[in-house]
Amino acid sequence: MNEDIRIHSWPCSYYLDTSKQWVSGRLLLTPLAIKFTADKTGELLVNFHLSSISEIKKESSNLIFSSLTILEKSTKHWFSSLQPNRNVVFNILEHFWREQLLSSQGAGAEAAALQSTKGKELTGLLTGSQKRLEDTAKVLHYQGEQFDNIMRGLNKIEGDMDVADRLLTELESPSWWPFSSKLWKAPLETKPKETATVSDSKNQEGIIIRIPVIITHRTDSNVKPGKLTLFASGLEISDCNSQVIHRFESKDVDDIRVHTPYEISVRQRFIGKPDTSYRLLSAKMPEAIPILEMQFSKKIQFLEDALGFVGARKSPQLDLGTSIWQAATGLLGGVVQPSSPVGGREGVDNDQVQLQKQEKISQEEAKELKQILKKLKGLALETEAELERQDEALDSITTSVDRTTLNIDKQNRRIKKLT
């Protein structure tokens, strides 16, 4: 699927060395390759893998101005008349080229993928699921802290309401009542003042993920490299020197659009002034999109070019559901007990039997899979317990809010009588 995704394309001219002339067309970037197609003939003149690139430079000469050169093995490719400008194309190409070299899918990754066993595939699959569950646990932990802060705030409000109730009782009592002064002192004696504990969320909360990005602000044609950092409370955009450009709290984000699996836009709307909008492009964006989808489920929108990415993530092969657990435990059982007749087990169909006969995993892979499954089980139990705790906290918050609302209405009526 990755080979078919178009990350970006730019109108430009390519110097065709065989005919010694410039050919107009479009330069196309995919997650794995760079291509150039001629406008007139539609012929694919350039097609090479990102991992085969040795150098990307901005060059010019007496005859060639504002050109971009790509050294691919021993061949030097010249591109000119780049739109919107050379710097934009250079920054994006260099970003994906460097990330391709740094990632495990760089040079030789395709050959290694062909030789990977079923055990390695399952290990990678479960490792990704473990990372996703850890990110979910971080978000839930932050939400739990927010619930605790809300409960402390509501307890303080209820204490203040008790004080107000006693003061109203004092005002309502007759002037000749001899015990009036005790009512004023009672709150101070029975209810000590609670010091507000406001935690600095920016210092306490942890970073869920940080990825390098190419940043475009609003509709500006210029782009610059930077970083995207996801917190449980929002997201932060910074430059290469870690200087914060803009921080979006969760409540500030109005919509997130996923243009492709590698490009998103984040927007905050305003009335009477321009919206704050950033467009972010990154080779690591597929790792951040699932977290954004979890945090901003009601605000995220997948556009047409990104719908295939959603379908692939929610396919049975990538779903964190029972299919993963059944596949992993089934293969583990086949390795741990090779002497047992797999075909004799109930509930295992012929296709699964055939798969287990063809695909064998080593003892080391089985041990690693067992460890990952053990961690996943522990994380799942912790997440379930935290969700139950938050459900109880939410019920308590709802009850407390209802009780406080009734007290406020009651005191409003008493104040009206006094006035």
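Residues numbered from 1 in each chain as written. Predicted model: local features only at pLDDT ≥ 70, side-chain atom pairs only at ≥ 80, totals over all residues. Heavy atoms only, no water.

- Going by what an unreviewed UniProt entry lists, the protein is known as Synaptosomal-associated protein 47 and is assigned to Pelecanoides urinatrix.
- Under the Sequence similarities (unreviewed entry) heading, UniProt states for the protein: "Belongs to the SVAP1 family." (UniProt positions renumbered as here; feature names shortened; annotations may be inferred.)

## Quick look at the overall build of the protein
Reasoning step 1: Helix and strand counts for the protein come out as ten helices and 15 strands.
Reasoning step 2: Each of the 419 residues in the protein was classed as buried or not, and the buried ones make up 39%.
Reasoning step 3: Put simply, of all contacts in the protein between residues at least 6 apart along the chain, 54% involve residues at least 24 apart.
Reasoning step 4: Per element, the accessible surface of the protein, about 24900 Å² overall, is 52% carbon and sulfur. (Helix = DSSP H or I, 4+ residues; strand = E, 2+ residues; numbered from the N terminus. Buried < 20%, exposed > 50% of the residue type's maximum accessible area, 1.4 Å probe, protein only. Contact = heavy atoms within 4.5 Å. Areas by Shrake-Rupley, 256 points an atom, 1.4 Å probe, with all protein chains shown as cover.)

## Some thoughts on the pattern of salt bridges
Reasoning step 1: Tallying each qualifying case throughout the model produces ten salt bridges.
Reasoning step 2: Ionic pairing is found between Arg247 and Glu249, a salt bridge with its closest N-O pair at 2.8 Å.
Reasoning step 3: Arg247 gets classed as buried once you look at its relative accessible area, which sits at 15%.
Reasoning step 4: Residues Arg269 and Asp255 are paired through a salt bridge, measuring 3.1 Å at the closest nitrogen-oxygen approach. (Salt bridge = Lys/Arg side-chain N within 4 Å of Asp/Glu carboxyl O.)

## Examining the sheet that holds strand E2 (residues 21-29)
Within a sheet, neighbouring strands are paired by backbone hydrogen bonds and run either parallel or antiparallel to one another.
Reasoning step 1: If you trace the seven strands from one edge of the open sheet to the other, you get E4-E3-E2-E1-E7-E6-E5, paired in antiparallel fashion. Of all the strands in the sheet, the pair left with one neighbour each is strand E4 (44-49) and strand E5 (53-59). Averaged over all pairs of adjacent strands, the angle between their axes in this sheet comes to 30 degrees, without regard to strand direction.
Reasoning step 2: Pairing of E2 with strand E3 (residues 33-38) involves five bridges; the strand directions are antiparallel. (Pairing = 2+ DSSP bridges. Axes fitted to C-alpha atoms, helices over the stretch in contact; angles between N-to-C directions.)

## Some remarks on the pairing of strand E12 (residues 255-260)
Reasoning step 1: The element E12 is extensively covered by neighbouring structure, given that five of its six residues are classed as buried.
Reasoning step 2: Across five bridges, the pairing between E12 and strand E13 (residues 263-268) is antiparallel. Residue pairing across strands places Arg257 opposite Ser265, the latter belonging to E13.
Reasoning step 3: In sequence, E12 turns back onto E13 through a hairpin of two residues.

## A few points about the nonpolar core
Reasoning step 1: Of all hydrophobic cores here, the largest spans 29 residues; its most connected members are Leu27, Leu29, Ile34 and Leu93.
Reasoning step 2: Breaking this core down by element, the ones donating at least two residues are strand E1 (8-16), E2, E3, E4, E5, strand E6 (67-72) and helix H1 (86-102).
Reasoning step 3: If you tally residues by element for this core, the top one is H1, at seven residues.
Reasoning step 4: Not counting residues up to four positions away in its chain, the partners in contact with Leu29 are Ile5, Arg6, Ile7, His8, Trp10, Ile34, Leu50, Ile92, Leu93 and Phe96.
Reasoning step 5: Of all hydrophobic cores here, the second largest spans 28 residues; its members include Val213, Leu235, Ile264 and Met285. (Core = buried A, V, L, I, M, F, W, Y, C linked by side-chain atoms within 4.5 Å.)

## Examining the confidence of the model for the protein
Reasoning step 1: In the predicted model, the protein carries a mean pLDDT of 75, and 69% of its residues have values of at least 70.
Reasoning step 2: At the level of individual helices and strands, the protein shows its lowest average pLDDT in helix H5 (residues 201-204), which scores 44, and its highest in E3, which scores 94.
Reasoning step 3: Counting interchain partners and residues more than four positions distant, the pLDDT-below-50 stretch residues 104-116 has nine contacts. (pLDDT = per-residue confidence, 0-100.)

## Concerning a positive patch on the surface
Reasoning step 1: On the surface, Lys410, Arg413, Lys416 and Lys417 cluster together into a patch of positive charge.
Reasoning step 2: Looking at where Lys417 falls in the secondary structure, it is placed in helix H10 (residues 363-418).
Reasoning step 3: Taking the relative accessible area as the measure of exposure, Lys417 reaches 74% and is therefore exposed. (Patch = residues over 30% accessible without salt bridge, like charges linked within 9 Å, V, L, I, M, F, W, Y side chains within 5 Å. Lys, Arg positive; Asp, Glu negative; His and termini not counted. Charge placed at Lys NZ, Arg CZ, Asp CG, Glu CD.)

## Quick notes on H1
Reasoning step 1: In this model H1 runs 24 Å from its N-terminal to its C-terminal C-alpha over 17 residues, within 8% of the 24 Å that 1.5 Å per residue would give.
Reasoning step 2: Buried within H1 are the following residues: Val88, Val89, Phe90, Asn91, Ile92, Leu93, His95, Phe96, Trp97, Glu99 and Gln100.
Reasoning step 3: N-capping of H1 is provided by Asn85, with a side-chain oxygen placed 3.1 Å from the backbone N of Asn87. (Expected span 1.5 Å × (residues − 1). Polar contact = N/O pair within 3.5 Å; in protein donor to acceptor, adjacent residues only side chain to side chain.)

## Quick word on the packing of aromatic side chains
Reasoning step 1: Evaluated as defined, the whole model comprises six aromatic pairs.
Reasoning step 2: Note on Tyr14 and Phe79: the rings are 5.1 Å apart at their centroids and 40 degrees apart in plane angle, and the pair reads as tilted. Linking Tyr14 in strand E1 with Phe79 in strand E7 (residues 75-80), this pair joins segments that are 65 residues apart in sequence. Accessibility classification places Tyr14 together with Phe79 in one group, the buried group.
Reasoning step 3: On the basis of an interplanar angle of 85 degrees and a centroid distance of 6.1 Å, the ring pair of Phe248 and Tyr278 is categorised as edge-to-face. Of this pair, Phe248 sits in strand E11 (residues 244-249) while Tyr278 sits in strand E14 (residues 276-281); the two residues are 30 residues apart in sequence, bridging distant segments of the chain. Of the two residues, Phe248 and Tyr278, neither departs from the other in class, the shared state being buried. (Phe/Tyr/Trp six-rings, centres within 6.5 Å; stacked < 30°, edge-to-face > 60°.)

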